[in-house]
Amino acid sequence: MNTLFRSAVRCLRAGAVCRTGRVDGPVSYAPARLLCVAAGQDFADIVKKDKVVVFMKGTPAQPMCGFSNAVVQILRMHGVDEYTSYNVLDDQDLRQGVKTFSNWPTIPQVFFNGEFVGGCDILLQMHQNGDLVEELNKLGIRSALLGEEKDGKSK
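Fair warning: this is a prediction, and the values are worked out from it, not measured in the lab. (Residues numbered from 1 in each chain as written. Predicted model: local features only at pLDDT ≥ 70, side-chain atom pairs only at ≥ 80, totals over all residues. Heavy atoms only, no water.)

Q: Could you give me a rundown of the packing of helix H3 (residues 66-77) against helix H5 (residues 120-129), with the residues and numbers involved?
A: At a minimum axis separation of 9 Å, H3 and H5 run at an interaxial angle of 30 degrees. Taken together, the axes of H3 and H5 lie roughly parallel to each other. Here H3 runs over H5; the crossing is left-handed. Counting all contacts with H3, which are made through Phe67, Ala70, Val71, Ile74, Leu75 and Met77, the residues of H5 involved are Cys120, Leu123, Leu124 and His127. Tallied by class, the residues present in the contact of H3 with H5 amount to nine nonpolar, one polar and no charged. (Axes fitted to C-alpha atoms, helices over the stretch in contact; angles between N-to-C directions. Helix = DSSP H or I, 4+ residues; strand = E, 2+ residues; numbered from the N terminus. Parallel < 35°, antiparallel > 145°, perpendicular 65-115°, else oblique. Left-handed = near helix turned anticlockwise from the far one by under 90°. Contact = heavy atoms within 4.5 Å. Nonpolar A, V, L, I, M, F, W, Y, C, P; charged D, E, K, R; others polar.)

Right, dumping it as structure tokens:
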């Protein structure tokens with residue numbers, strides 16, 4: 001019990017936050033201490049919080065690595081503005097926990113409806129071969145690229 005208490009205190013001291021809501025709209029911040037693996041948080045609940053959940057370095061407004069930036073840009077191209085993102089640089093337990101949960105060694109990590117999709121390379125490949133449009137459609141998200149294709153064909 002003492003170890004659990006110390007882990008929870010460490011998370012509380014970190015003061016880390018996660019960003020939720022539209023990338024370009026109103027922002028709400030939730031304390032990352034609620035996500036602390038050491039405090040017993042279940043990642044299965046975290047990745048089901050939204051249709052699209054991204055664990056990344058930095059925030060969608062300010063990615064801190066090229067791979068995280070690429071994921072944000074791909075989602076933006078498809079018009080996916082509303083998703084939950086977690087900055088793993090704010091909490092090392094969160095960073096290691098998501099890697100363990102997904103059995104995937106790198107960040108960023110993307111989840112659709114609680115299912116692990118992959119990292120930057122896989123999302124890019126899905127974007128290039130059209131699978132991302134289909135997967136977003138399954139989530140009830142219409143890709144913005146479909147609107148552009150329709151407009152381009154009518155000209």
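Moving on, there is more to tell.
Q: Pulling in residues and values, what's your account of the nonpolar core?
A: One finds Val52, Val54, Leu75, Phe112 and Leu123 to be the most contacted residues of the largest nonpolar core, which totals 19 residues. Contributing elements (two or more residues each) for this core: strand S3 (52-56), H3, strand S5 (109-112), H5 and helix H6 (131-138). In terms of residues, this core owes the most to one element, H3, which gives four residues. Every residue in contact with Leu123, bar those within four places of it in the chain, is listed here: Val71, Ile74, Leu75, Val110, Phe112, Val117 and Leu132. Counting residues in each nonpolar core, the second largest holds eleven residues, with Val47, Leu94, Val98 and Phe111 among its members. (Core = buried A, V, L, I, M, F, W, Y, C linked by side-chain atoms within 4.5 Å. Buried < 20%, exposed > 50% of the residue type's maximum accessible area, 1.4 Å probe, protein only.)

Q: Account for the packing of H5 against H6, naming residues and giving values.
A: Running from amino to carboxyl end, H5 crosses H6 at an angle of 100 degrees, the nearest separation of the two axes being 5 Å. By the angle between their directions, the pair H5 and H6 is classed as roughly perpendicular. Each of Leu123, Met126, His127 and Asn129 in H5 lies in contact with H6, whose residues at this interface are Asp131, Leu132 and Glu135. When the residues that make up the contact of H5 with H6 are grouped by side-chain class, the tally is three nonpolar, two polar and two charged.

Q: So what's going on with H5? Residues and values would help.
A: Every buried residue of H5 is accounted for by Cys120, Leu123 and Met126. The buried residues of H5 occupy an angular sector of 130 degrees when projected down its axis, which confines them to one face. Among the exposed residues of H5, those oriented more than 90 degrees off its buried face are Asp121 and Gln128. (Arc of directions from axis to C-beta.)

From the geometry alone we can't say anything about function, so treat these as descriptive.
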